[in-house]
Amino acid sequence: MEAYFDNSATTRCYESVKDIVVKTMTEDFGNPSAMHLKGVQAEQYLKRTSQILARLLKVSEKEILFTSGGTESNNLALIGTAMANKRSGNHIITTAVEHAAVAQPAAFLEEQGFEVTYLPVDHEGVVKLDALEAALRPDTILVSVMYVNNEVGAVMPVEQIGKMIREKSPKALFHVDAIQAFGKYRIYPKKLGIDLLSVSGHKIHGPKGIGFLYISEKAKVQPQILGGGQQGGMRSGTDNVPGIAGLGAAASEIYENFEEKTEHLYQLKERMAEGLSALENVSINGMPLRKGAPQIMSVCFLGIRSEVLLHALEERGIYISAGSACSSHKRKASSTLTAMGLPKAQIESTVRISFSEENTFEEVDYCLNVLKELAPMLRRYSRH
């Protein structure tokens, strides 16, 4: 049996996504910038996906900018916004638990002379609002906070943050990395006070190498990729029609039967948690199950190194990750778990289990049976 529980790293494409990607690569393969019929047909896919995303977010189609994925969206949101607004101020706020695609641009901006404040989180991984309130200043130009933490599934109080920014630093723009949240929550940027929102296609059963950045009409962002002037000059380069078409299909499908899908994810998570509670020296990090994101579990198997457990499960056809997939090749202590105050031994023994709507209870039970057998054996082995 095979059980894929690494859906926060990437998901399997929907059949509808595969079909439209193949169609736009083999039939409707024109360049959307071309003026002939093939170009016009290709451009229709761009328009359709813009309409789908705008409808889901309740925003205008011209506020959707296609990118190569979450990393580019985050880079453009941070660097593009900082560069476009530096005359208004020099201060940026983010959190200590952001994905590297936000943390690294923030560090880059510090090198460019911007002042960056990193907000602490509580033991559940949730950003401390009193720290944000104290950090907001008249010269704050950008606040960047993730919606759902990619390692522990902590859900940030996005609406309260948006309100606080509007009250205390009305000039500041609010960026939200929604890469683990889109498709799991209904997100309406205008209601939440969000000016910039990053989304990635391959986390929602879409293709890799595609994403988008919602940019509010009032937000000033400096383009980072210059050239042919595509997308209103905001991001030059031939439009990735197969990726954009696939993204539209995935976004549309993931919000079908949305409540049932979310409930299924929570039930998978609860079944896994119930089974894990019967095992010795196993604990779950972060928020209570129903308060955290429906698809992510951070689990500590004390006394077993996370990589050892990962590879032992892999041999039995079970796939999980040791923290964030994007940083798991460069194993250093997780900044998220460190910021949450977890001791080193716990951090080194933590893995991430992440579900999708395609997972079954049988897969959860199979995983639990294997863990019941493996965990005591691996602990004995690691002591020698």
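Described in the following lines is the structure provided in the data block.

Criteria and cut-off values
Residues numbered from 1 in each chain as written. Predicted model: local features only at pLDDT ≥ 70, side-chain atom pairs only at ≥ 80, totals over all residues. Heavy atoms only, no water. Helix = DSSP H or I, 4+ residues; strand = E, 2+ residues; numbered from the N terminus. Rg over C-alpha atoms; globule rule 2.2 N^0.38 Å. Buried < 20%, exposed > 50% of the residue type's maximum accessible area, 1.4 Å probe, protein only. Areas by Shrake-Rupley, 256 points an atom, 1.4 Å probe, with all protein chains shown as cover. Lys, Arg positive; Asp, Glu negative; His and termini not counted. Charge placed at Lys NZ, Arg CZ, Asp CG, Glu CD. Pairing = 2+ DSSP bridges. Right-handed = clockwise from strand over helix to strand, strands pointing away. Polar contact = N/O pair within 3.5 Å; in protein donor to acceptor, adjacent residues only side chain to side chain. Contact = heavy atoms within 4.5 Å. Expected span 1.5 Å × (residues − 1). Axes fitted to C-alpha atoms, helices over the stretch in contact; angles between N-to-C directions.

1. Side note on the overall build of the protein chain
- Across its full length, the protein chain carries 13 helices and twelve strands.
- Over its C-alpha trace the protein chain gives a radius of gyration of 21 Å, about what one expects of a compact globule, namely 21 Å for 384 residues.
- Within the protein chain, the fraction of its 384 residues that count as buried is 57%.
- Summed over all atoms, the accessible surface of the protein chain reaches about 16,600 Å², with 53% contributed by carbon and sulfur.
- Within the protein chain, one finds 42 positive and 44 negative side-chain charges whose respective centroids are separated by 4 Å.

2. Observations regarding the pairing of strand 4 (residues 115–119)
- In this sheet, strand 4 lies alongside strand 3 (residues 91–95) in parallel orientation, the contact comprising five bridges. Along strand 4, the bridge assignment pairs His91 with Glu115.
- Note on the crossover from strand 3 through helix 4 (residues 100–111) to strand 4: the handedness is right-handed.

3. A short note on the side chain of Thr140
- Locating Thr140 in the fold gives a position in strand 5 (residues 140–146).
- Overall, the relative accessible area of 0% leaves Thr140 in the buried class.
- Within the structure, Thr140 has its side chain in polar contact with the side chain of His91 (distance 2.8 Å).
- A polar side-chain atom of Thr140 sits 2.9 Å from the main-chain amide nitrogen of Arg137.
- Residues in contact with Thr140, not counting those within four places in the same chain, are His91, Ile93, Ala135, Ser169, Lys171 and Ala172.

4. Things to note about the environment of Arg166
- For Arg166, the location among the structural elements is in helix 6 (residues 158–168).
- On the accessibility criterion, Arg166 (44% relative accessible area) is partly exposed.
- Placed 27 residues apart in sequence, Arg166 and Gly193 show a C-alpha to C-alpha distance of 7.7 Å.
- Sequence-distant contacts of Arg166, defined by excluding residues within four places in its chain, comprise Leu192 and Gly193.

5. Observations regarding helix 3 (residues 70–84)
- Under the 1.5 Å per step criterion, the end-to-end length of helix 3 is 20 Å for 15 residues, consistent within 8% with the ideal 21 Å.
- The buried count for helix 3 comes to twelve of 15 residues, which makes it a mostly enclosed element.
- Looking only at helix 3, the buried set comprises Gly70, Glu72, Ser73, Asn74, Leu76, Ala77, Leu78, Ile79, Gly80, Thr81, Ala82 and Met83.

6. Section: the sheet that holds strand 10 (residues 296–301)
- Sheet architecture is open: three strands sit in the order 9-10-12, paired in antiparallel fashion. Lying at the two open borders of the sheet, with one neighbouring strand each, are strand 9 (282–285) and strand 12 (350–354). The sheet shows a mean angle of 35° between the axes of neighbouring strands, direction not considered.
- Relative to strand 12, strand 10 runs antiparallel, the two being bridged by five bridges. By the bridge assignment, Val299 is partnered in strand 12 with Val351.
- Taken strand by strand, helix 9 (residues 258–276) contacts strand 9, strand 10 and strand 12, and its axis lies near 10° from that of strand 10.

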